[in-house]
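If you want the building blocks of each chain, they are given just below.
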Amino acid sequence: MDLGLKGARAVVTGASRGIGRAIAGVLAEEGADLAVCARSAGPLAEAAEDLRATGATVVEGAIDVADPGALRAFLDRAADGLGGIDVLVSNVSAGGSADWEAGFATDVMPFVTMAEHARPYLAASERGGSVVLVSTTSALHSGPPSGPNAYGALKAALNHHAAALARTLPAEGVRVNTVSPGPIEFPGGSWARRKEDAPAFYDSIRDAIPMGRLGAPEEVARAVAFLASPASSFTSGANLVVDGGFVDRV
C-alpha cells in the first residue's frame, strides 16, 4: 500500500536513536523530507547523514526540547527549510525519571509547545496536517513496569491532551493521533540496560508479553508512519497500541 508520504514535510523530535530514529528512517523510505532534532549533536549528525543517503532533504537541529524558545526556533527553521510542515511527530521523553518537574518539562510541555507553534504550518498543509504523539503503555496501566511514578502519569496527561486536540484541530484540516509502544528494546536503550542490570525483572516483563519478546523500534515506526500518512485520512483521536498484547484491556 502506498502511504502517500512522498514529498511530505515531516518533523521528528528525539530522532538520534531508538524509536525516533526509526520513525525518521521509515518516513524517509516512504519519500518524506525531514526536520530532525535531538539533544546530542554527534548522534544526530550521524542519523541525518543516514537519512540524506535515502535522498531526503534533511534539516537538523541539536536542541533541548525543554527550552521552548529553542524548540519554536527549530520549528520555524524546519518550515523554512522544508517549505512547510505536513507531519509533526513528538517523540521526546524523560524516560523512567522519578522527577516530576523534569518529566513535565521534557514530556508534557514540548508537545504542548509544538502543537501550538506548528498549528498554522499544519493547517496550511495542502495534504492535510498530521500530528502523532509517541506515548507509552505505561500511561494505560499501573502495573509493572509503570507503577506510581511520573512517567506513566505524565504520559496519561499527554494522551488526554492529544485526544482533546484530535476533536478540535480537524476543523482546521489537522488530524491528531497517538501511538503507545509497549516495552521496546534497542542497543543503549532502557530495556537493553535492564536486561543486563536487572535480568529477573526483564524476564518477568518479557514473559508477560503474549508474543514472548520485546518490540523493535521499527515496529513502532511503521505504526507512526501509517497514522501520519494520508492512508489514515479519516483517523483522528486514535491511540494505536504497539505492544505484542502486553496490556490487558478491551
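The name given to the protein chain in an unreviewed UniProt entry is SDR family oxidoreductase, with the source organism recorded as Nocardiopsis suaedae. Database annotation for the protein chain, UniProt heading Sequence similarities (unreviewed entry): "Belongs to the short-chain dehydrogenases/reductases (SDR) family."

Caption draft 1: Here's a closer look at the pairing of strand S6 (residues 174-181). With respect to burial, S6 is a largely interior element, 8 of its 8 residues being buried. The two faces of S6 match: Val174, Val176, Thr178 and Ser180 on one face and Arg175, Asn177, Val179 and Pro181 on the other face are all buried. Here strand S5 (residues 129-134) pairs with S6 via 6 bridges, running parallel. Directly across from Gly129, in S6, lies its bridge partner Val174. You can see the chain leave S5, run along helix H6 (residues 150-168) and come back into S6, and the turn it takes is right-handed. Of the strand pairs in this sheet, S6 and strand S7 (residues 239-242) are connected by 4 bridges, and their pairing is parallel. Across the sheet, the residue bridging to Val179 is Leu240, located in S7.

Caption draft 2: Focus on the sheet that holds S7. Strand order in the open sheet made by the 7 strands is S3-S2-S1-S4-S5-S6-S7, with parallel pairing throughout. Strands with a single pairing partner mark the edges of an open sheet, and in this sheet they are strand S3 (58-62) and S7. Ignoring which end each strand starts from, the neighbouring axes of this sheet average 15° apart. Two elements, strand S2 (residues 33-38) and S3, share 5 bridges in a ladder whose sense is parallel. Bridge pairing in S3 links Ala38 to Ala62. Each of strand S1 (9-13), strand S4 (87-90) and S5 is contacted by helix H4 (residues 100-117), which is oriented at about 170° to S4, the strand it contacts most.

Caption draft 3: Quick peek at the packing of aromatic side chains. According to the stated counting rule, one finds 2 aromatic pairs in the structure shown. On the numbers, 5.9 Å between centres and 15° between planes, the contact of Trp191 with Phe201 is stacked. Separated by 10 residues along the polypeptide, Trp191 in helix H7 (residues 190-197) and Phe201 in helix H8 (residues 199-208) bring together distant segments of the chain. Directly above the ring of Trp191 sits Arg194, whose terminal nitrogen or CZ lies 4.2 Å from the centroid.

Cut-offs applied
- Residue indices begin from 1 for each chain and proceed along its sequence in written order.
- Owing to the predicted nature of the model, reporting of local features is limited to residues with pLDDT of at least 70; listing and counting of side-chain atom pairs is limited to 80 or more, with chain, interface and lining totals taken over all residues.
- The side-chain numbers reported here are obtained from all heavy atoms of the structure, hydrogens and water having been left aside.
- UniProt positions are given in the numbering used here, feature names are shortened, and annotations may be inferred rather than shown by experiment.
- Here the term buried applies to any residue with accessible area under 20% of the maximum for its type, exposed to any over 50%, and partly exposed to those in between, with areas from a 1.4 Å probe on protein chains only.
- Only DSSP runs of H or I covering at least 4 residues are called helices, and only runs of E covering at least 2 are called strands; the numbering of each starts at the N terminus.
- In this analysis, strands are considered paired if DSSP registers two or more bridges between them.
- Look down the strands so they point away from you; if going from the first strand over the helix to the second traces a clockwise path, that crossover is right-handed.
- To get an axis, fit a line to the C-alpha atoms, keeping to the stretch in contact for a helix; angles then go from 0 to 180 degrees between the N-to-C directions.
- By definition, residues are in contact when any of their heavy atoms lie within 4.5 Å.
- Aromatic rings from Phe, Tyr and Trp, with only the six-membered ring used for Trp, were paired whenever their centres fell within 6.5 Å, and each pair was classed as stacked if the ring planes differed by under 30 degrees, edge-to-face if by over 60, and tilted otherwise.
- Only when the NZ of Lys or the CZ of Arg is both within 6 Å of the ring centre and within 35 degrees of the ring normal is a charge said to sit over the ring.

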